[in-house]
Amino acid sequence: MKTTKHNVQRLLLAVMLLGMAACTGDFADINRNPNEVTDEQLQANNYKIGTNLKTLQGLVVPTQEHMYQFLESLVGGPYAGYIGATVDTWQNKFETFNASADWRKWPFVNVISETYPAYRAIINGTDDVTAHALAAVCRIAIMQRVTDSYGPIPYTQIMADKTESLEVAYDTQQEAYAAMFEELDAAIASLEDNLTLPSDAFGRYDGVYAGNIAQWLKFANSLKLRMAMRLTYVDEETARTKAAEAIAGGVITTNADNARMQTSDNRMTLIYNDWGDHRVGADIISYMNGYNDPRREKMFTTVRLVENGQEVQGYAGIRIGINVSSKATAVSAYSNMLITGTDPYLWMNAAEVTFLRAEYELRWGSAAEAKSLYEEAIRLSFEERGASGADAYIADATHTPAAYVDPIGKYSVSTPQSSVTIAWDDKATDIETNLEKIITQKWIAIFPLGTEAWAEHRRTGYPRLLPVVENASGGTVNSSLGARRLPYPVEEYTENPTNLQAAIADLNSESVNGAGDTQGTRVWWDRKNL
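The structure reproduced in this document is the subject of the present report. (Residues numbered from 1 in each chain as written. Predicted model: local features only at pLDDT ≥ 70, side-chain atom pairs only at ≥ 80, totals over all residues. Heavy atoms only, no water.)

1. Topic: empty space enclosed by the protein
Under the definition given, this model contains 4 cavities of 30 Å³ or more. Estimates place the volume of the largest cavity at around 100 Å³. Every residue lining the largest cavity is listed: Leu59, Leu71, Val75, Pro107, Val111, Ile142, Arg145, Val146, Ser149, Thr451 and Leu486. Counting only elements with at least two residues in the lining of the largest cavity, the list comes to α4 (65-79), α6 (106-125) and α7 (129-150). For the lining of the largest cavity, the leading source of residues is α7, giving 4 residues. When its residues are assigned to classes, the lining of the largest cavity shows 8 nonpolar, 2 polar and 1 charged. (1 Å grid on protein atoms, 1.4 Å probe; cavity = no way out; pocket = protein on both sides within 12 Å on 5 of 7 lines; lining within 4 Å. Points joined across faces, edges and corners; volume = space filled by probe spheres on them. Helix = DSSP H or I, 4+ residues; strand = E, 2+ residues; numbered from the N terminus. Nonpolar A, V, L, I, M, F, W, Y, C, P; charged D, E, K, R; others polar.)

2. Focus on the packing of α7 against helix α20 (residues 450-460)
Contact geometry of α7 with α20 gives a least axis separation of 10 Å together with a crossing angle of 45°. Classed by the angle they form, the pair α7 and α20 counts as oblique. Between α7 and α20 the crossing geometry is left-handed. Contacts between α7 and α20 involve Arg145, Asp148 and Ser149 from the first element and Thr451, Trp454, Ala455 and Arg458 from the second. The residue inventory of the contact of α7 with α20, partitioned by class, reads 2 nonpolar, 2 polar and 3 charged. (Axes fitted to C-alpha atoms, helices over the stretch in contact; angles between N-to-C directions. Parallel < 35°, antiparallel > 145°, perpendicular 65-115°, else oblique. Left-handed = near helix turned anticlockwise from the far one by under 90°. Contact = heavy atoms within 4.5 Å.)

3. Concerning the nonpolar core
Counting residues in each nonpolar core, the largest one holds 147 residues, and the members touching the most others are Met143, Trp216 and Trp347. Here the element with the most residues in this core is α7; it accounts for 13 residues. Aside from chain neighbours lying at most four places away, what touches Trp216 is Gln57, Leu134, Val137, Cys138, Leu191, Asp206, Val208, Tyr209 and Trp347. One finds Ala282, Ala333, Tyr404 and Tyr411 within the second-largest nonpolar core, a separate group that totals 10 residues. (Core = buried A, V, L, I, M, F, W, Y, C linked by side-chain atoms within 4.5 Å. Buried < 20%, exposed > 50% of the residue type's maximum accessible area, 1.4 Å probe, protein only.)

4. A look at helix α13 (residues 282-290)
Within α13, 8 of the 9 residues are buried, leaving the element largely enclosed by the surrounding structure. Along α13, the positions that sit buried rather than exposed are Ala282, Asp283, Ile284, Ile285, Ser286, Tyr287, Met288 and Gly290. Where α13 is buried, its residues meet β3 (278-280), α14 (296-299) and α19 (431-445). One or two steps after α13, the chain reaches Asn292, where phi turns positive at roughly 50°.

5. Some remarks on the packing of helix α16 (residues 350-364) against helix α17 (residues 367-385)
The geometry of α16 relative to α17 is characterised by a closest axis approach of 8 Å and an angle of 170° between their N-to-C directions. As judged from the angle between their axes, α16 and α17 are roughly antiparallel. The chirality of how α16 crosses α17 is left-handed. Mapping the contact onto sequence places Ala350, Ala351, Thr354, Phe355, Arg357, Ala358, Glu361 and Leu362 in α16 and Glu369, Ala370, Leu373, Tyr374, Glu376, Ala377, Ile378, Leu380 and Ser381 in α17. Its residues assigned to classes, the contact of α16 with α17 comprises 11 nonpolar, 2 polar and 4 charged.

6. What about unusual backbone geometry?
Omega for the bond connecting Phe447 with Pro448 falls within 30 degrees of zero, at 10°, which places this linkage in the cis form. Its location among the elements puts Pro448 in the loop between α19 and α20. In this model, Phe97 sits at a positive phi of 65°, which is unusual for a non-glycine residue. The residue Phe97 is located in the loop between β1 (83-85) and α5 (101-104) in this model. Note on Phe97: relative accessible area 7%, which makes it buried. Unlike most non-glycine residues, Ala210 shows phi in positive territory, near 50°. Along the chain, Ala210 turns up in the loop between α9 (173-193) and α10 (213-229).

So, in structure tokens, the structure goes:
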């Protein structure tokens, strides 16, 4: 991690705007109705609403480099089997279940404290129902990631508290999900009522869909589907009902509608290309190596390997949950993520949504339709990556994940974590056989969405991941099961203690193993017998 300089362009822009205001003549003011809203006032209001909307968009999957690094590179990525740290001085980290206090505040305190000023500014600053709907969708997308990581969180009471305090009572995770569904349904209804709104109404400030409300509607329904399927093991009736509503409402089905945040400069390049603090994890590369997956060349860099005494270029991942002895060695030995400054930040793609629909059909619909959607999802992923060979890959019933071979020879594992193949099994008599295929392929397709992949791993038990090497949890985390949630930050213990203790009691009561504020406690929806 590095400290970056402030962007002076914002200051220059502010100075220019002040200068322009000072040069304005008074002729129009003499002839203006004093009760009429001026163009300048409208533009100022639109600017405020637009910039706050962009702030919210930049928090769904964080675009600020430090925020992204903490949420995705240090938490979601490792826990999902995607990313491992290379820094040899990081002995206290999320990967080994002993993150320091200053690290622990980022996924909770920093996210919540940056979200609500922007959200309140939109809700209180305009009566525009479409602006409210877009803000609500972003807030839900942000806060679902928070509750999935922690369990109970402050949610409904933050907006109910007129003092704008963040030190409020928590909702249980069940209550938070119920409120999010209600608010998302209201936002979807508003978007449906405003489909004819010109794209330029919000296009200037919309880094995802450039003001296209029809595409926002598809994303909102797709988010609802993602949320619904999270509840399959805790509230199947709600999961099935909400998923069916989302699908009927119209979800993302093509890559043209993928939700991706476009910025002027993708700051992930600092994390992966400049700082070199992380490399791709052993888990995902072992799966994709075993499958001889054509998408690897679109996703990862190659490194020098020795196979059968011959030097070759190939793909190798770093074992997650180790204490690195040499950063320089790790950086050179393991594959990096391919990322450029012009790449957008992925929120959700058509492949993920189609895999969700495949699971819906597998559970409650047609096996034939589940297979068709599963195969279509793989094709969508290949298309998105620009890779060829999708049909041969889909038909492959032979290849399985490879055993992990560590190029530096320290952390190899002789047995693969799974024997799951790619081709759909028409003869399967249980759900699990093809469910593992769906979740495993979805995991590959949504890389590098670590927070989402971690949630799905906890929900389903798939993909099967390598255990950490160093478990510094003091016995609170089972190495085979991995972290089930994040501990609340120290700041909540010191600044919001009464409400926090009530939240921990709620966490225990709605968890199947109620072990308190530890990383081993399972959140409300984490119910599958693993």
